[in-house]
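Observations on the model geometry
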Amino acid sequence: MRQRLSSEPDRYRGRRRVPTPPRSRYAYVAASAFVGAGVVAMGAGNFPDAKAVSPTVLHNLENASAASSQIADRAADPGRASRSQQRGTDKAAKASEVKAEDVWLLPLDEYTFTSPYGVRFGKLHAGIDLAAPEGVPYKAVHGGTVTAAGYNGAYGYSITIQSPDGTETIYGHSRRVLVKTGDVVKAGQVIGEVGNTGYSYGTHLHLEIHVHGNPTDPITFLRDRGVDIKLQVESIYAGLASEAS
């Protein structure tokens, strides 16, 4: 074994070997130092000159500022909410008008069903009879145009209303009619008073419906439209009648 000379340098005496960090760690440290210096500089008010900043960055900052201003202006505009509410009200009103075209109602608030549609005394009884006290006002079961109003033979004082689809509704034996030919009425509008005129046996309202010129059973016709004469139940759109008036 060779003896080490005293003149030879002792490479290990009093020294510790420090491991070399990987390059990625150096990059991270350098990047952190750079970012930290940038934050300190900005905090001190040393923002770089606008000429040295990218035009694209400046443009984006300007757009963001403008957008923030617009949002603040909208939030501070008291009339904006009112206009939005008004638009909502207008849409609701239009929706109500469209639904009102489908409204079918009972002609009387209280009555007694006394006679059905069908053959009676050897002849067709082309409608139904609803007994009520004389003078009680009755309403249009559906909207349309009055095509006849006045005395009409066996019907007595009667009213005929034609709906937009051509369906005709006849209200007979009235004591008095409250509309005239050419009037446009809405469902639920009072149009006459119950009476006992014409070929009638007792005070009642005779209700008759013609589809394509032919009489049809009002019980079935109205039930298909949400109105049950016997149960005295109106359609789900009944509440729209007063809103549409």
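The text that follows walks through the structure, step by step, so that each part is easy to find. Everything numeric in this text was worked out from a predicted model, so none of it was measured.

**Quick notes on the overall build of the protein**
Helix and strand counts for the protein come out as 5 helices and 12 strands. Residue burial in the protein is summarised as follows: out of 245 residues, 27% are buried. At a minimum sequence separation of 6, the contacts of the protein that also span at least 24 residues come to 58%. On the protein, roughly 16,600 Å² of surface is accessible, and the fraction owed to carbon and sulfur atoms is 55%.

**Overview of unusual backbone geometry**
The phi angle at His-173 is positive, at roughly 65°, despite the residue not being glycine. Relative to the assigned elements, His-173 resides in strand S8 (residues 168–177). Phi at Gln-232 takes a positive value of approximately 55°, unusual for a residue other than glycine. Tracing the backbone shows Gln-232 in the loop between helix H4 (218–223) and helix H5 (240–244). Residue classification places Gln-232 among the partly exposed positions, given a relative accessible area of 36%.

**Considerations on the packing of aromatic side chains**
Considering all chains together, one arrives at 4 aromatic pairs under this definition. When the centroid spacing of 5.3 Å and the interplanar angle of 75° are considered together, the rings of Trp-104 and Phe-221 count as edge-to-face. With Trp-104 in the loop between helix H3 (78–100) and strand S1 (112–115) and Phe-221 in helix H4, the pair connects residues that are 117 residues apart, well separated along the chain. Among the residues examined, Trp-104 registers a relative accessible area of 5% and is labelled buried. Between Tyr-151 and Tyr-157, the aromatic rings sit 5.1 Å apart at their centres with planes inclined by 80°, giving edge-to-face as the arrangement. With a relative accessible area of 35%, Tyr-157 lands in the partly exposed category.

**Observations concerning the nonpolar core**
Tyr-171 and Ile-191 are the most contacted members of the largest nonpolar core, which totals 26 residues. Mapped by element, the contributors of at least two residues to this core are strand S4 (127–131), strand S7 (157–162), strand S10 (190–194), strand S11 (204–211) and H4.

**Focus on the side chain of Lys-139**
Inspection of the secondary structure assignment puts Lys-139 in strand S5 (residues 137–139). Among the polar contacts made by the side chain of Lys-139, one reaches the side chain of Asp-109 at a distance of 2.8 Å. Excluding residues within four positions of it along the chain, Lys-139 makes contact with Leu-106, Pro-107, Asp-109, Tyr-171, Gly-188, Gln-189, Val-190, Ile-191 and Glu-234.

**Quick look at the pairing of S4**
Working note: regular strand, side chains alternate between the two faces of the sheet. With 4 of 5 residues buried, S4 is to be regarded as a mostly interior element. Pairing geometry for S1 and S4, over 3 bridges, is antiparallel. Opposite Ser-115, over in S4, you have Asp-129 as the bridge partner. Here 5 bridges tie S4 to S11, and the two strands are oriented antiparallel to one another. Bridge pairing links Ile-128 to Leu-207 in S11.

**Notes on the environment of Asp-224**
On the secondary structure map, Asp-224 appears in the loop between H4 and H5. Assessed through its relative accessible area of 60%, Asp-224 is described here as exposed. For Asp-224 and Ser-235, which are 11 residues apart along the polypeptide, the C-alpha to C-alpha distance reads 9.7 Å.

**Side note on the layout of surface pockets**
Quantified by volume, the largest pocket comes out at close to 510 Å³. Considering the residues around the largest pocket, the lining is formed by 21 residues, among which Arg-120, His-125, His-173, Tyr-199 and His-206 are closest to the centre. Taken together, the elements giving at least two residues each to the lining of the largest pocket come down to S1, strand S3 (123–125), S4 and S11. Of the residues that constitute the lining of the largest pocket, the class distribution is 8 nonpolar, 9 polar and 4 charged.

Basis of the calculations
Residues numbered from 1 in each chain as written. Predicted model: local features only at pLDDT ≥ 70, side-chain atom pairs only at ≥ 80, totals over all residues. Heavy atoms only, no water. Helix = DSSP H or I, 4+ residues; strand = E, 2+ residues; numbered from the N terminus. Buried < 20%, exposed > 50% of the residue type's maximum accessible area, 1.4 Å probe, protein only. Contact = heavy atoms within 4.5 Å. Areas by Shrake-Rupley, 256 points an atom, 1.4 Å probe, with all protein chains shown as cover. Phe/Tyr/Trp six-rings, centres within 6.5 Å; stacked < 30°, edge-to-face > 60°. Core = buried A, V, L, I, M, F, W, Y, C linked by side-chain atoms within 4.5 Å. Polar contact = N/O pair within 3.5 Å; in protein donor to acceptor, adjacent residues only side chain to side chain. Pairing = 2+ DSSP bridges. 1 Å grid on protein atoms, 1.4 Å probe; cavity = no way out; pocket = protein on both sides within 12 Å on 5 of 7 lines; lining within 4 Å. Points joined across faces, edges and corners; volume = space filled by probe spheres on them. Nonpolar A, V, L, I, M, F, W, Y, C, P; charged D, E, K, R; others polar.

Bear in mind that shape data such as this cannot, by itself, settle questions of function.
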